[in-house]
Amino acid sequence: MAPRHPFDPLTPEEITLAAQIIRQNVSSSNIIFRVITLWEVPKEEMISFLDQEHALDEASHPSPHPSRCARVQAYVDKKFCEFKVNLDSQDVVSEEVLYNRHSHIDSDLMGKVQLACLADPRVQEKIAQLKLPKEATVVVEPWTYGTDGMNDMSKLVTMCWFYMRVAQDPDANYYAYPLHICAEMSTETMEVVKIFHLPLSGDEDDQKEEPLKPFNQDNIHTSSEYHPNISTAGIRTTTKPYHVQQPEGPSFTVNGYHVHWEKWTFRVGFNYREGMTLHDIRYDNRSLFYRLSLSEMFVPYGDPRSPYPRKAAFDLGNDGAGVCANNLKLGCDCLGHIKYFDGYLTTHSGLPVKLPNVVCCHEIDDGILWKHTNTRTGNAVVTRSRQLVLQTIITASNYEYIFAFYFGQDASLTYEVRATGILSTAPISSAPGTKSKYGTIVGPGILAPNHQHLFCLRIDPSIDGHNNSALVDESHPLPPDPETNPFGTGYTTQTKAITHETGLDLDHKTNRSFKIVNESVINSVTQTPVGYKLVPFYSQPILAHSSSFHAKRSEFAQHAVWVTRYHDYEMFPAGKFTMQSEGGEGIASWIEGRRTKPEVCNRHQQRPVFDGADDPSSVLNKDIVIWHTFGSTHNPRVEDWPVMPCEKMSVSLKPVNFFERNPALDVPVSTQERNRSVLVEG
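Described in the following lines is the structure provided in the data block. Everything quoted here is computed from the prediction, not taken from an experiment.

Okay, the side chain of Arg-165 next. Topologically, Arg-165 is positioned in strand 6 (residues 157-165). Of the side chains with opposite charge, Asp-169 comes closest to the buried, unpaired Arg-165, at an N-O distance of 7.2 Å. If we skip the residues at most four places from it in the chain, Arg-165 touches Glu-135, Ala-136, Thr-137, Val-139, Pro-170, Ala-172 and Tyr-174.

Below, the discussion takes up the sheet that holds strand 15 (residues 339-346). The strands making up a sheet are joined through hydrogen bonds of the backbone, oriented either antiparallel or parallel. If you trace the 10 strands from one edge of the open sheet to the other, you get 15-16-17-18-19-31-28-27-24-25, paired in antiparallel fashion. Unpaired on one side and paired on the other, strand 15 and strand 25 (491-497) mark the two borders of the sheet. For this sheet, the mean angle separating the axes of adjacent strands, direction not counted, is 25°. As defined by bridge partners, strand 19 (residues 413-421) adjoins strand 31 (residues 644-656) across 8 bridges and the pair is classed as antiparallel. Note on strand 31: the bridge partner recorded for Tyr-415 is Val-651. Its contacts with the sheet put helix 1 (residues 12-25) on strand 15 and strand 16 (352-373), and the angle it makes with strand 15 is roughly 10°.

Close contact between helix 3 (residues 107-119) and helix 4 (residues 121-130) brings their axes to 5 Å; oriented N to C, the two are set at 65°. Considering the angle they form, helix 3 stands roughly perpendicular to helix 4. Residues Cys-117, Leu-118 and Ala-119 of helix 3 touch helix 4, and the partners they reach there are Pro-121, Val-123, Gln-124 and Ile-127. Each residue belonging to the contact of helix 3 with helix 4 can be placed in one class, and the counts come to 6 nonpolar, 1 polar and no charged.

It is worth spelling out the nonpolar core at this point. Ranked by internal contacts, the top residues of the largest apolar core, which has 121 residues, are Phe-162, Phe-289, Leu-390, Tyr-401 and Phe-407. Ranked by residues supplied to this core, first place goes to strand 6 with 7 residues. If sequence neighbours within four positions are ignored, Phe-289 has contacts with Asp-280, Ile-281, Leu-413, Ile-459, Asp-460, Pro-461, Ser-462, Ile-463, Tyr-532 and Leu-653. Counting residues in each nonpolar core, the second largest holds 20 residues, with Ile-15, Val-26, Ala-74 and Cys-81 among its members.

Over the atoms a probe the size of a water molecule is rolled, and this reveals where empty space is left. The computed volume of the largest pocket comes to approximately 1,700 Å³. Lining the largest pocket are 44 residues, with Gln-245, Gln-246, Ile-364, Asp-365 and Arg-386 sitting closest to its centre. Elements that contribute at least two residues to the lining of the largest pocket include exactly strand 16, strand 17 (380-396), strand 18 (399-408), strand 19 and helix 8 (672-675). Along the lines of polarity and charge, the residues of the lining of the largest pocket split into 15 nonpolar, 15 polar and 14 charged.

Quick look at the pairing of strand 22 (residues 446-449) now. Put simply, side chains in a regular strand alternate between the two faces of the sheet. Side chains Ile-446 and Ala-448 of strand 22 all project onto a buried face; the interleaved residues Leu-447 and Pro-449 project onto the opposite face, where all are buried too. In this sheet, strand 22 lies alongside strand 21 (residues 439-443) in antiparallel orientation, the contact comprising 4 bridges. Bridge assignment links Thr-440 to a residue of strand 22, and that residue is Ala-448. Here strand 21 folds back onto strand 22 in antiparallel fashion, the turn holding 2 residues, of which Gly-445 has a positive phi close to 70°.

By the definition in use, this model includes 6 cavities of 30 Å³ or more. Its boundaries defined by the atoms lining it, the largest cavity holds a volume of some 90 Å³. Lining the largest cavity we find Pro-9, Leu-10, Ile-36, Thr-37, Leu-38, Tyr-257, Phe-270, Asn-271, Tyr-272, Gly-343, Tyr-344 and Leu-345. Elements represented by at least two residues in the lining of the largest cavity include exactly strand 1 (31-38), strand 11 (264-271) and strand 15. Of the voids in this model, the second largest cavity is the one considered here, and its volume is about 60 Å³. Residue composition of the lining of the second largest cavity, grouped by class: 3 nonpolar, 6 polar and 2 charged.

Now for the state of the cysteines. Working definition: the covalent bond between the sulfur atoms of two cysteines is a disulfide. Inspection of every chain in the model, using the stated rule, returns 1 disulfide. What pairs with Cys-334 in a disulfide is Cys-360, and their sulfur atoms sit 2.3 Å apart. Taking the sign of the torsion about the S-S bond as the criterion, the disulfide between Cys-334 and Cys-360, at about -90°, is left-handed. With Cys-334 in the loop between helix 5 (315-319) and strand 15 and Cys-360 in strand 16, this pair connects stretches of sequence that are 26 residues apart. Cys-117 carries a free sulfur, and the closest cysteine sulfur to it, the one in Cys-160, is 3.9 Å from it. Looking at Cys-646, it has no disulfide partner, and the nearest cysteine sulfur is the one in Cys-334, 13 Å off. Look at Cys-646 and you get partly exposed, because its relative accessible area is 37%.

Definitions and limits used
- Residues numbered from 1 in each chain as written.
- Predicted model: local features only at pLDDT ≥ 70, side-chain atom pairs only at ≥ 80, totals over all residues.
- Heavy atoms only, no water.
- Helix = DSSP H or I, 4+ residues; strand = E, 2+ residues; numbered from the N terminus.
- Buried < 20%, exposed > 50% of the residue type's maximum accessible area, 1.4 Å probe, protein only.
- Lys, Arg positive; Asp, Glu negative; His and termini not counted.
- Salt bridge = Lys/Arg side-chain N within 4 Å of Asp/Glu carboxyl O.
- Contact = heavy atoms within 4.5 Å.
- Pairing = 2+ DSSP bridges.
- Axes fitted to C-alpha atoms, helices over the stretch in contact; angles between N-to-C directions.
- Parallel < 35°, antiparallel > 145°, perpendicular 65-115°, else oblique.
- Nonpolar A, V, L, I, M, F, W, Y, C, P; charged D, E, K, R; others polar.
- Core = buried A, V, L, I, M, F, W, Y, C linked by side-chain atoms within 4.5 Å.
- 1 Å grid on protein atoms, 1.4 Å probe; cavity = no way out; pocket = protein on both sides within 12 Å on 5 of 7 lines; lining within 4 Å.
- Points joined across faces, edges and corners; volume = space filled by probe spheres on them.
- Disulfide = S-S within 2.5 Å.

Now the structure itself:
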């Protein structure tokens, strides 16, 4: 049996073994496992392995294989610890106590928080003051605490937001009835620390009086249900079935986690935090990207009234995209010929938990790839575009996010995010004329607050090799000149190399884009370095002030594009631990640390020691990482209610002078005999 590939996620057997090794090496029986996942092989070692692998035929395997290691995070006697476990030698390589750190969200713990919160006599008293309908069910939704400087962040705190479900159907939309109380909970003692009265006016903080104003029962309505079993919208009958047929089967092949489609090859990974990851992405056996993943996302809310600034979710660092991954369904989440990949997490006792169908792989038709009609002969040549899609979907409380990579036959690669789900609502007075500058009223007594969705795509390039450079490309008009630009129509492109680690902004006036090039490989036609172009998604950076904890904690959101030197440990641009973080640990801090104190090894940041022979912040012809921050400033509209149509955001990576001509010229020409479309008469 061939050894597992170093990029493959841990198997259930490996998860079980890692937990067993910890129990054998830790002198405590009080162990609560939180994470058992692959500890990825250091890149330098992995490159050597991949070079051997690609030099061999498919039936051969490089030797020796790097050791299989697991990253284990666990509470040992209530101390949060991280271990590196060598699964081959079955020993613990390293151990660290993570002081003042917290693990990602624990659904079991949050369930206990809900029960404890509802059982609190003061909470029950507040609920009684609301005078809710007899048939109402109070729903508590715990949120991680968005740091605001008001509490000791070494202690775990949970914010509990209150809603009401009126209909007896368990799928009834409780976000339609936000209640105007909120509780701060000590997650460690399971005690309610403070109860907030939420404001009901549009803009003012007006809820200081006692007792609480009763719930306005005139707000009860039926138009906010989305589930077809109870929705009043009805079901349209005009949509006919749509079938995707591939009579010869799909064009992709899958061997374990290795995918081969057209000229593309890559490996699929999966972990609790990032969810789907891609590794060793190649086109026609030319190296393009070492690793691609969504590395973080931040959702800060914009209402400044207390306690709303505490609504600030790191849905990867706090919740985990893998933890929140959906079980994708045939005919629903993915259409056509589908290949699914499963994921595995761990229980508190260290047993593997299977997450079925967390990634789907399938093909789609993407319209016309290229076409030309010779007007002199009347002959047309048209080729349709086929794309391979790798997709995963997560549910983070009220929101769903659909994350997908699209591989093109023209060697382009697109990353797309779609946001859907239900708006996280807040209470507001239903008195006539009430409005709010902090959100949109979407129903009786329902305010949908303004907020942002900020994503960071981590791009680890290997454009024909691992030493690459980043360039900024802009288009500028030429000034009128009687000799060189007499009609004022000329423009030129300007390219500037990025020499040192930095963050950069977008500029639509110059059509600013970013190239990743290999200066040691020259295109024989253009006589320029081969490269790929990042086509960014133009969006607004974080709106929270730079002095705020929101901004300090999400350093990646300050700029649209960052360029850094590669380091094995720099995977998450808001820092490795975001739960109740206080800032100063993200990508801007890494860069500043190397710029101002390159000689210092800071254990907290895990910065390396440099001997002065190499500028640690130089990114010219180095192993670099590109980070693209993009997203949506979501000022809700009533059409987003009660469930939001998908909002799409896409980022593209396209070859730029990488090939000698259009790489899709060999895609078969489209014909009716091949595609068998049906003519609709009338």
